[in-house]
Amino acid sequence: MPGEDGLEGLFSRRRFGGLLAAAAVPVTAAALTACEPSVRSSPSASGTGVPSTPATTPVSSSPETTPTATPSASPEPTTPSATAPAPSSPAASAPGPQHSLTDPASPWVVVNKHRPLSPATFIPPDLVQPAVRLAVSGEAALLNSTTAAAAERMFAAAATAGVVMTLASGYRSFVTQTSTYNGYVATRGQAEADTASARPGFSEHQTGWSFDIGDGGGACSFQPCFAEQPAAVWAKANAHRFGFIVRYPWMYHETTGYYYESWHLRYIGVEAAGDMAARGVPTLEEYFGLEAAPAYL
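Residues numbered from 1 in each chain as written. Predicted model: local features only at pLDDT ≥ 70, side-chain atom pairs only at ≥ 80, totals over all residues. Heavy atoms only, no water.

Some details on the overall build of the protein
Keep this limit in mind: Helix and strand assignments come from DSSP, with helices taken as H or I runs of at least 4 residues and strands as E runs of at least 2, each series counted from the N terminus. Residue burial is assigned from relative accessible area. The probe radius is 1.4 Å, only protein chains are included, and a residue is buried under 20% of its type maximum, exposed over 50%, and partly exposed in between. Values of accessible area rely on a 1.4 Å probe in the Shrake-Rupley scheme; residue burial ignores everything except the protein chains shown.
For the protein, the helix and strand inventory stands at eight helices and six strands. When its helices and strands are written in sequence order, the protein yields α-β-β-α-β-α-α-β-α-β-α-β-α-α. Here the protein, with 297 residues, has 55% of them falling under the buried criterion. Put simply, the protein shows about 11,000 Å² of open surface, and 60% of that area lies on carbon and sulfur atoms.

This is the structure in structure tokens:
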């Protein structure tokens, strides 16, 4: 959960930052073999329809909370977006229906350090608890109904493949995110807080479209070495089949604003996720032809 997930950001950001600082040249895979990073990375959006070359890795942060009201189910929106993908972006020719990039109820909403939620206090109207193995309770065990259904299918497929996967952190409310972020500011100052936790209203977890996975063991939870665990390896190779992407990929923090987080999955729909995988487009920013968001404006 570090990075966009604040809580996880504690450990992994500093550890990974140390690895980068230790090398005066770009980090190579060999430098990370001891503990594969699960920090978010980000490339620069090209808007050309062709994925750009991986850049450097960003910092992640995203703790949120779940509403106290009883969640009501609502299907995934399929109406065309008022803010459609740029004509030159890969998504412009993506299969399936087009969706809004700004409506928090849209599976394509892009939330990053340049694109806050609107309204900032958005609460998904259809929060439900998925029938999957849980490592959390309360609001953190909730997802919107569309994401929950897709997660159930993915977790079942992972189990069939002999892979243990748990829901480690789901929805987080604006209230929870505010408390978490303010705690970081109070102890570390705002500059460092912005590298460890998302600001209130800037977290994907608040949308109900994303969640963090664990492996039931906890040894590498929310740490760079989680990338080497079976749950992360399986998810990276198969999540797109169920509509998910690894939202903060390795070496793309300069695009996404967060270091690699192998545990943070985001639902965008089977068509779009499959299209990104087939084209090799690593980030939503690139896929939708949006500018990179390495830091808050």
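Focus: the side chain of Arg247
Rules: A 3.5 Å cut-off defines polar contacts: any pair of N or O atoms within that distance qualifies, except that in protein one atom must be a possible hydrogen donor and the other a possible acceptor, and neighbouring residues in sequence count only when both atoms are side-chain atoms.
Tracing the backbone through its elements, the reader meets Arg247 in the loop between β5 (244-246) and α6 (253-256). A relative accessible area of 0% places Arg247 in the buried class. A distance of 2.8 Å separates the side chain of Arg247 from the side chain of Glu204, its partner in a polar contact. At 2.8 Å, the side chain of Arg247 forms a polar contact with the side chain of Glu285.

So, the pattern of salt bridges
Basically, it comes down to this: A pairing counts as a salt bridge when a side-chain nitrogen of Lys or Arg comes within 4 Å of a carboxyl oxygen of Asp or Glu.
Within this structure, the stated rule accounts for seven salt bridges. In this structure, Glu192 engages Arg188 in a salt bridge whose closest nitrogen and oxygen atoms are separated by 3.8 Å. Note on Glu192: relative accessible area 27%, which makes it partly exposed. Using a relative accessible area of 24% as the deciding quantity, one classes Arg188 as partly exposed. A salt bridge links Glu204 to Arg247; its shortest N-O distance comes to 2.8 Å. Within this pair, whereas Glu204 is found in the loop between α4 (190-196) and β4 (210-214), its partner Arg247 is found in the loop between β5 and α6, the two being separated by 43 residues in sequence. Taken as a pair, Glu204 and Arg247 share a single burial class, namely buried. Among the charged side chains, a salt-bridge network with shared partners connects Glu204, Arg247, Arg266 and Glu285.

Here's the deal with the state of the cysteines
Here is the rule we go by: Cysteine sulfurs are considered disulfide-paired once they come within 2.5 Å of each other.
Scanning the model with the defined rule gives one disulfide in all. Linked covalently through their sulfurs, Cys220 and Cys225 form a disulfide whose S-S length is 2.3 Å. Looking down the S-S bond of the Cys220 and Cys225 bridge, the torsion is -110°, so its handedness is left-handed. Accessibility assignment for this pair places Cys220 and Cys225 in one class, buried.

Describing the nonpolar core
Spelled out, the test is: By nonpolar core we mean a set of buried residues, namely Ala, Val, Leu, Ile, Met, Phe, Trp, Tyr and Cys, connected to one another through side-chain atoms within 4.5 Å. Between two residues, a contact is recorded if the distance between any of their heavy atoms is within 4.5 Å.
In terms of nonpolar packing, the biggest core is built from 35 residues, with Met154, Phe155, Met165, Phe211, Ile213, Phe244 and Leu265 touching the most fellow members. Once you skip the residues sitting within four places of it in the chain, Met165 turns out to touch Arg133, Met154, Phe155, Ala158, Ile213, Gly214, Ala231, Trp234 and Ala235.

Structural notes on the sheet that holds β5
For clarity, the cut-off: A pair of strands is considered paired only if DSSP assigns at least 2 bridges between the two. Helix axes use the C-alpha atoms of the stretch in contact, all axes being lines fitted to C-alpha atoms, and the angles between their N-to-C directions lie in the range 0 to 180 degrees.
Read from one edge to the other, the open sheet built from four strands follows the order β3-β4-β6-β5, with strand pairing classed as antiparallel. In this open sheet, the two edge strands, each paired with only one partner strand, are β3 (166-169) and β5. Geometrically, the sheet is characterised by an average inter-axis angle of 45° between neighbouring strands, direction not taken into account. Pairing geometry for β3 and β4, over three bridges, is antiparallel. Within the sheet, the bridge partner assigned to Thr166 lies in β4 and is Gly214. Across the sheet, helix α2 (residues 145-160) lies against β3, β4, β5 and β6 (264-267), angled at about 25° from β4, the strand it touches most.

Brief notes about the layout of surface pockets
Where empty space is left in the structure can be found by rolling a water-sized probe over the atoms. Under the convention used in this document: Here a cavity is any set of points on a 1 Å grid over the protein atoms alone where a 1.4 Å probe fits but cannot get out, and a pocket is any open set with protein on both sides within 12 Å along at least 5 of 7 lines; a residue lines the site when it has an atom within 4 Å of a point. Grid points are joined across faces, edges and corners, and a volume is the space filled by probe spheres set on the points. Gly counts as polar in this scheme, as do all residues outside two lists: the nonpolar Ala, Val, Leu, Ile, Met, Phe, Trp, Tyr, Cys and Pro, and the charged Asp, Glu, Lys and Arg.
Its boundaries defined by the atoms lining it, the largest pocket holds a volume of some 380 Å³. Lining the largest pocket are 16 residues, with Lys236, Val246, Pro249, Val281 and Pro282 sitting closest to its centre. Of all the secondary structure elements, the ones that give two or more residues to the lining of the largest pocket are α5 (230-238), β5 and α7 (270-279). Within the lining of the largest pocket, the residues separate by chemical class into 14 nonpolar, one polar and one charged.

Here we look at the environment of His99
With respect to the helices and strands, His99 occurs in the loop between α1 (9-22) and β1 (127-128). Taking relative accessible area as the criterion, His99 reaches 4% and is therefore assigned buried. With 16 residues separating them along the chain, His99 and Thr83 place their C-alpha atoms 8.1 Å apart.

Here's the deal with unusual backbone geometry
Along the chain, Ser118 connects to Pro119 via a cis peptide bond; the corresponding omega equals 5°. Mapped onto the elements of the fold, Pro119 is located in the loop between α1 and β1. One non-glycine residue with positive phi stands out, namely Phe222, at about 55°. On the secondary structure map, Phe222 appears in the loop between β4 and α5. When its relative accessible area of 14% is taken as the criterion, Phe222 is described as buried. For Met251, which is not a glycine, the phi torsion comes out positive at approximately 70°.

Shape is all these values report; function is a separate question.
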